[in-house]
Amino acid sequence: MHIGMAIGDDMARYDLLIRDGIWFDGAGNSPRTADIAVRDGRVVDISSTSLEPADADEVIDAHGKWVMPGFVDTHTHYDVEMLVAPALTESVRHGVTTVIIGNCSLTTIMASNTECADIFSRVEAVPRDIVIGALDAHRTWSSPAEYAKSVDTLKLGPHVAAFLGGSDLRIATMGMDRAVDEKAVPTADEVDEMVRTLEEALDAGFLGMSATTNWIDKLDGDLYRSRSLPTTFVKGKEFRRLNSVLRRRGRILQSTPEVSLTPNLPKFFLAASSLLHRKRLKVSLLAAADSKAYPPLVYFMMYGAPILNRLLRSDFQWQHLPVPFTVYADGIDLVVFEEFGSGAAALDIKDEIERNELLQSEEYRRWFRRDYENKLSPKIWHRNLFDATIISCPEADLSGKSFGQVGRERGIHPVDAFLDLVVEHGKALRWRTTIANHRPKYLDKLARNKSVHMGFGDAGAHLRNMAFYNYHLQLLARVRAAQTARKPFLSIERAIHRLTGEPADWYGLDAGHLRPGDRADIAIVDPARLDHSVHELDEAPVTEYGGLRRMINRDAGAVSATIISGKVAYRDGEFAEGLGDTWGSGGFLPATGARS
């Protein structure tokens, strides 16, 4: 079988030929062995009979390997990193060819550099001075259209698509002081200005608008430190006006619900509805997860959204990280502590000496113990210090123990054991805990749920707390292992579709498919290397961030090659020379149908 584009004799040569690979098209169709030819950044031929290697400038032997569309990472915070290290190598090495930035209301487009750092740094755990320095050095834009053009000039590794951040938009329109004031309501003229800016962003190819209503997401900086992000203060009329633009234009609202005993989920389901003779609104919401804090919640995640989508005729999708959600922390620096008063009070204090004085106070400890033991307060973290393991500590004999064990051995409350070690060792105390997705049975169910999209890896953020750059490979490894054990929960082709064509189509991106005429964004994966190594973690310095060490994923070469726009960006463990420095393979990727 031969599928190709018509070509003339003067165009007979190929830039790249991928030979004898097992081809997956990204649409969920059954795979087959084929040669794939690329010219001028596009796939021009897919053939079950061998194509002539002499007709190609470069040949990759893919015998026994899976040749598939490059992965689409739908939830990243590369907004800052792409300015200083545009190759985005930690994603490219794992087969990612398209990333989406601007999630959770956070962009660096219109507010001042310091204001952008204030909304970004504490929430995403990237040092504020690094964010300000990157923007001071590289910012040339002040509007969404200028931003899109500027992104397109970067020497990008992967393609970048973007949301317009609602917090950024609100600050630029109302000023920071009013944007984070619960009592301040934008004037009619200000709402009109927000609408005009959003329309401009959509014209420039933005996917839609992002927001958060999660009050635990806090500002950094000095003037407004510890206030919640601006979009947590958005009220009815402002919410409806902006959503009406997205609905009319067929674009997306990405958001995070409120962490509360009375969550605002109905607001998002009703916004997505197409009842009352209106167009449906596409809504992407964090996050579908099998939570340790609230185990029964997984049933609502799995069954509630599909039922409500049918009843309300809506297009609501959960975002889901298809791997165990394990987080790491240095001392007390972890976002989950923002969710209760005593934890937030500690994170509100930047000075370590002043913070330690608070942590040693008996009054404070009684407060922390009450929060820790409160079964009724809303939570993301399970708050079980017997389920929080010390990884490294100057007291070497404590490594491998939980804080609960340490407390039991010392005859003290687990909270006191934890706070004692934080005060004594600070960031030299490193520990981890798994918050969600710990039960394989429910991970498998979520992975095949039609109201769930694979995503929420948070690449570019929480550099010391987690690394899910290769969650795509981890899912494929799990799918393959289940098939080997004769307990399949997804076919390989369906799993690849869920990581490529499905999210690309829903977000409206020219990505995620591998057919003649498609842009040649390709991942070549060696299934034999989809083993335990894809789950391994390491650390590496980010040179552009002053040597800050971040968590990364490493494996034994599961991805043989990553090809972006027909150019080999990564192959056999090595990046192409000059990628991100003298040349780039990616660009700003507009939503399909966008006006330019």
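Residues numbered from 1 in each chain as written. Predicted model: local features only at pLDDT ≥ 70, side-chain atom pairs only at ≥ 80, totals over all residues. Heavy atoms only, no water.

Next up on the list: the overall build of the chain. Each helix and strand in the chain was counted, giving 20 helices and 24 strands. Computed over the C-alpha atoms, the radius of gyration of the chain is 24 Å, within 12% of the 25 Å expected from 2.2 N^0.38 for a compact globule of 596 residues. Its C-alpha atoms give the chain principal-axis dimensions of roughly 80 × 60 × 50 Å. Taken over 596 residues, the chain has a buried fraction of 62%. Considering only intrachain contacts with a sequence separation of at least 6, the fraction spanning at least 24 residues in the chain is 75%. Put simply, the chain shows about 22700 Å² of open surface, and 51% of that area lies on carbon and sulfur atoms. Side chains of the chain give 71 positive and 81 negative charges; the mean places of these two sets differ by 8 Å. (Helix = DSSP H or I, 4+ residues; strand = E, 2+ residues; numbered from the N terminus. Rg over C-alpha atoms; globule rule 2.2 N^0.38 Å. Buried < 20%, exposed > 50% of the residue type's maximum accessible area, 1.4 Å probe, protein only. Contact = heavy atoms within 4.5 Å. Areas by Shrake-Rupley, 256 points an atom, 1.4 Å probe, with all protein chains shown as cover. Lys, Arg positive; Asp, Glu negative; His and termini not counted. Charge placed at Lys NZ, Arg CZ, Asp CG, Glu CD.)

Here we come to unusual backbone geometry. A negative phi angle is the norm for most residues apart from glycine, just as the trans form is the norm for most peptide bonds. Cis geometry marks the peptide bond from Leu286 to Ala287, where omega comes out at -20 degrees. Here Ala287 lies in the loop between strand 13 (282–286) and helix 11 (297–312). One non-glycine residue, Asp572, lies in the positive phi region at around 50 degrees. Its location among the elements puts Asp572 in the loop between strand 23 (567–571) and strand 24 (574–575). Look at Asp572 and you get exposed, because its relative accessible area is 59%.

Tallied over the full model, the rule gives zero disulfides. Its sulfur unpaired, Cys104 is 15 Å from the next cysteine sulfur, which belongs to Cys116. Judged by its relative accessible area of 8%, Cys104 falls in the buried class. (Disulfide = S-S within 2.5 Å.)

Attention now moves to the pattern of salt bridges. Any two side chains of opposite charge can pair, so long as their charged atoms come close to each other. In the structure shown here, the tally under the stated rule is 43 salt bridges. Ionic pairing is found between Glu338 and Arg122, a salt bridge with its closest N-O pair at 2.7 Å. In this pair, Glu338 is assigned in the loop between strand 15 (325–330) and helix 12 (341–347) and Arg122 in helix 3 (residues 113–124), connecting sequence segments 216 residues apart. In terms of burial, Glu338 and Arg122 fall into one category: buried. Measuring nitrogen to oxygen at the nearest pair gives 3.1 Å for the salt bridge that ties Arg241 to Asp192. Of this pair, Arg241 sits in helix 9 (residues 236–249) while Asp192 sits in helix 8 (residues 188–203), and the two are 49 residues apart along the sequence. Take Asp192: its relative accessible area is 28%, and that puts it in the partly exposed class. The network of salt bridges with common partners includes Asp330, Arg430, Arg464, Glu539 and Arg549. (Salt bridge = Lys/Arg side-chain N within 4 Å of Asp/Glu carboxyl O.)

Assigned domains within the chain: domain 1 (69–324 + 437–513) and domain 2 (329–433). The gap between the C-alpha centroids of domain 1 and domain 2 is 29 Å. Taken together, the contact between domain 1 and domain 2 spans 19 residues of the former and 21 residues of the latter. Taken together, both faces of the contact between domain 1 and domain 2 bury some 1700 Å²; the carbon and sulfur share is 48%. Arg122 is paired through a salt bridge with Asp348; the nearest N and O atoms lie 2.8 Å apart. Here domain 1 is connected to domain 2 by 11 residue pairs in polar contact (both at pLDDT 80 or more). Classifying every residue of the side of domain 1 that touches domain 2 gives six nonpolar, six polar and seven charged. (Domains from an automatic or database assignment. Buried area = accessible area lost by both parts, 1.4 Å probe. Polar contact = N/O pair within 3.5 Å; in protein donor to acceptor, adjacent residues only side chain to side chain. Nonpolar A, V, L, I, M, F, W, Y, C, P; charged D, E, K, R; others polar.)

Once that is clear, we can look at the nonpolar core. Counting residues in each nonpolar core, the largest one holds 158 residues, and the members touching the most others are Met82, Phe337, Phe368 and Phe418. Built from parts of two domains, this core gets at least three residues from each of domain 1 (69–324 + 437–513) and domain 2 (329–433). Leaving out residues up to four positions away in the same chain, Phe368 has contacts with Ile332, Phe337, Phe340, Ser342, Val415, Phe418 and Leu419. (Core = buried A, V, L, I, M, F, W, Y, C linked by side-chain atoms within 4.5 Å.)

Moving on: the packing of aromatic side chains. With the rule as written, the count across this model stands at 28 aromatic pairs. Summarising the aromatic geometry, the rings of Tyr299 and Tyr442 are spaced 5.8 Å apart at their centres and angled 85 degrees between planes, so their arrangement reads as edge-to-face. On the criterion of sequence distance, the pair formed by Tyr299 in helix 11 and Tyr442 in helix 17 (residues 440–447) is long-range, its members being 143 residues apart. With a relative accessible area of 40%, Tyr299 lands in the partly exposed category. Look at Tyr442 and you get buried, because its relative accessible area is 8%. For the pair Phe325 and Phe456, a centre-to-centre distance of 5.9 Å together with 65 degrees between the ring planes defines the contact as edge-to-face. You can see Phe325 sitting in strand 15 and its partner Phe456 sitting in the loop between strand 18 (452–454) and helix 18 (471–484), a full 131 residues away along the chain. Relative accessible area serves as the criterion here: at 15%, Phe325 is assigned to the buried category. Above the ring of Phe239, the side-chain terminus of Lys267 is found at 4.3 Å from the ring centroid. (Phe/Tyr/Trp six-rings, centres within 6.5 Å; stacked < 30°, edge-to-face > 60°. Lys NZ or Arg CZ within 6 Å of the ring centre and 35° of its normal.)

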